[in-house]
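This is what each chain is made of:
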Amino acid sequence: MAKFPFDIVLFDLDGTLVDSNLDLGPAINHALALEGREQLPLSQVRQLIGGGAVPMLERGLEQTGGAVSKERFEELSNALLEHYWAHIADNTVPFPGVLNALDVLADRGCKLAVCTNKAEKPARQLIEALGMTDRFCAIHGGDTFGREKAKPAPDMLLAAIKDCGGGAAAMVGDSTFDVRAARNAGCPVVTYRYGYNDVPVGELGGDAMIDHFDELVGTLEGLSPA
Ligand SMILES: O=C(O)COP(=O)(O)O
Ligand SMILES: [Mg+2]
């Protein structure tokens, strides 16, 4: 078998490895209800995911009547996170084909890592609850290197590449945060059509797009390391 073109594959979490909308949705709606705001349908919540909990709540408030004071935002944000932590893996599951794709990549000698804008603690909690921790050499969150270093900054990707021992890396993600972070880190990037795309999926601008995780290994085989 030909050598696999990548030594390392970096994965976004929400909307890429896992379908977490069913647990993030009730958490943001819990915070909106505390402020007397209308509930957002899950189809709308999907489009708010990708930058982490703070941008998600900011945008949710904007879409239901406008911003609140800094103090109130802090309270609502804490309420959102508390609700989310209590229900982190109630309904969240890996997307179809994810576990098999991770198995095949590991068999082909790839090291795997998670680079998410979710805070590191809930990211680890979720990955652990799904029994997936041992698959990854590194799990970096949106606060691991400070919020200003969250995606689209390349820092967590570059750190994960180092943690995995260095080598040719590719990124897999669902949003503009992932595509821009991969570009900033100099890695090719595959996007997932059924993730939580924050722009129309054709405009994400990755190097390749998959409709199902069964396509991932073959798609990566067709890409060249940067
Ligand atoms: O939770 C979020 O908003 C972002 O998470 P992601 O970077 O794993 O998509
Ligand atoms: Mg995502």
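Here the structure is a predicted model, which means the values were calculated and not measured.

Right, let's talk about the overall build of the protein for a bit. What the protein contains, in helices and strands, is 9 helices and 8 strands. The C-alpha atoms of the protein give 17 Å as radius of gyration, which agrees with the globular expectation for 226 residues (17 Å, within 12%). Over its C-alpha atoms, taken along the principal directions, the protein stretches across nearly 60 × 35 × 30 Å. Each of the 226 residues in the protein was classed as buried or not, and the buried ones make up 50%. Considering only intrachain contacts with a sequence separation of at least 6, the fraction spanning at least 24 residues in the protein is 69%. In the structure as shown, the protein presents an accessible area of about 9,700 Å², 50% of it carried by carbon and sulfur atoms. Computed over 19 positive and 32 negative side-chain charges, the inter-centroid distance for the protein is 4 Å.

Enumeration according to the criterion identifies 0 disulfides in this entry. The thiol of Cys-164 is unpaired, and the distance to the nearest cysteine sulfur, on Cys-137, comes to 3.8 Å. Just so you know, Cys-187 is unpaired, no disulfide at all, and the nearest cysteine sulfur is the one on Cys-115, 8.7 Å from it. A relative accessible area of 5% means that Cys-187 is categorised as buried.

For the rest of this paragraph, the subject is the nonpolar core. Proteins that are soluble and globular tend to have nonpolar side chains buried together. Grouped together as the largest cluster of nonpolar side chains are 50 residues, with contacts concentrated most on Phe-11, Leu-17, Leu-105, Phe-136, Phe-213, Leu-216 and Leu-220. Sorting elements by how many residues they give to this core places helix α1 (residues 21-34) first, with 5 residues. Looking at which domains feed residues into this core, each of domain 1 (8-19 + 93-221) and domain 2 (21-86) supplies at least three. Setting aside anything within four residues of it in sequence, one finds Leu-220 in contact with Phe-4, Pro-5, Phe-6, Val-9, Leu-105, Ala-170 and Val-190. Residues Cys-115, Ala-185, Val-201 and Leu-204 belong to the second largest nonpolar core, which totals 20 residues.

Of the residues in the protein, 100% have a pLDDT of 70 or more, and the chain-wide mean is 96. As scored by the predictor, the complex reaches a pTM of 0.95 and an ipTM of 0.96.

What follows covers the site of ligand 1. Taken together, Asp-12, Leu-13, Asp-14, Ile-49, Gly-50, Gly-51, Gly-52, Thr-116, Asn-117, Lys-118 and Lys-151 make up the full set of residues near ligand 1. Leu-13 places a polar main-chain atom, nitrogen or oxygen, 3.2 Å from an oxygen atom of ligand 1. Within the side chain of Thr-116, an N or O atom sits 2.6 Å from an oxygen atom of ligand 1. If ligand 1 stood free it would expose 280 Å²; the protein chains cover 98% of that surface. Considering only residue class, the shell around ligand 1 consists of 2 nonpolar, 5 polar and 4 charged.

Moving on, we get to unusual backbone geometry. Omega for the peptide link from Lys-151 to Pro-152 comes to 20 degrees, which places this bond in the cis form. Along the chain, the position of Pro-152 falls in the loop between β5 (138-140) and α7 (155-163).

The feature "active site" (unreviewed entry), as annotated in UniProt, sits at Asp-12 in this numbering. Residue position: Asp-12 is located in the loop between β1 (8-11) and β2 (18-19). A relative accessible area of 5% places Asp-12 in the buried class. Residues in contact with Asp-12, not counting those within four places in the same chain, are Leu-17, Cys-115, Thr-116, Lys-151, Met-171, Val-172, Gly-173, Asp-174 and Asp-178. At a separation of 2.7 Å, a polar atom in the side chain of Asp-12 contacts the side chain of Thr-16.

We now examine the coordination of the magnesium ion (ligand 2). The magnesium ion (ligand 2) binds to the protein through Asp-12 (OD), Asp-14 (O) and Asp-174 (OD), with metal-donor distances spanning 2.2 Å. Here the donor residues for the magnesium ion (ligand 2) map to a single chain with the spacing D-x1-D-x159-D. With respect to burial, Asp-12 and Asp-14 carry one shared label: buried.

Further remarks concern the side chain of His-140. Within the secondary structure layout, His-140 lies in strand β5. Setting aside residues up to four positions removed in sequence, His-140 forms contacts with Val-114, Cys-115, Thr-116, Phe-145, Met-156, Ala-159, Ala-160 and Asp-163.

Criteria and cut-off values
Residues numbered from 1 in each chain as written. Chains lettered and ligands numbered in written order. Predicted model: local features only at pLDDT ≥ 70, side-chain atom pairs only at ≥ 80, totals over all residues. Heavy atoms only, no water. Helix = DSSP H or I, 4+ residues; strand = E, 2+ residues; numbered from the N terminus. Rg over C-alpha atoms; globule rule 2.2 N^0.38 Å. Buried < 20%, exposed > 50% of the residue type's maximum accessible area, 1.4 Å probe, protein only. Contact = heavy atoms within 4.5 Å. Areas by Shrake-Rupley, 256 points an atom, 1.4 Å probe, with all protein chains shown as cover. Lys, Arg positive; Asp, Glu negative; His and termini not counted. Charge placed at Lys NZ, Arg CZ, Asp CG, Glu CD. Disulfide = S-S within 2.5 Å. Core = buried A, V, L, I, M, F, W, Y, C linked by side-chain atoms within 4.5 Å. Domains from an automatic or database assignment. pLDDT = per-residue confidence, 0-100. Near = heavy atom within 4 Å. Polar contact = N/O pair within 3.5 Å; in protein donor to acceptor, adjacent residues only side chain to side chain. Nonpolar A, V, L, I, M, F, W, Y, C, P; charged D, E, K, R; others polar. UniProt positions renumbered as here; feature names shortened; annotations may be inferred. Donors = N, O, S within 2.8 Å, 3.2 Å for Na, K, Ca; no water.

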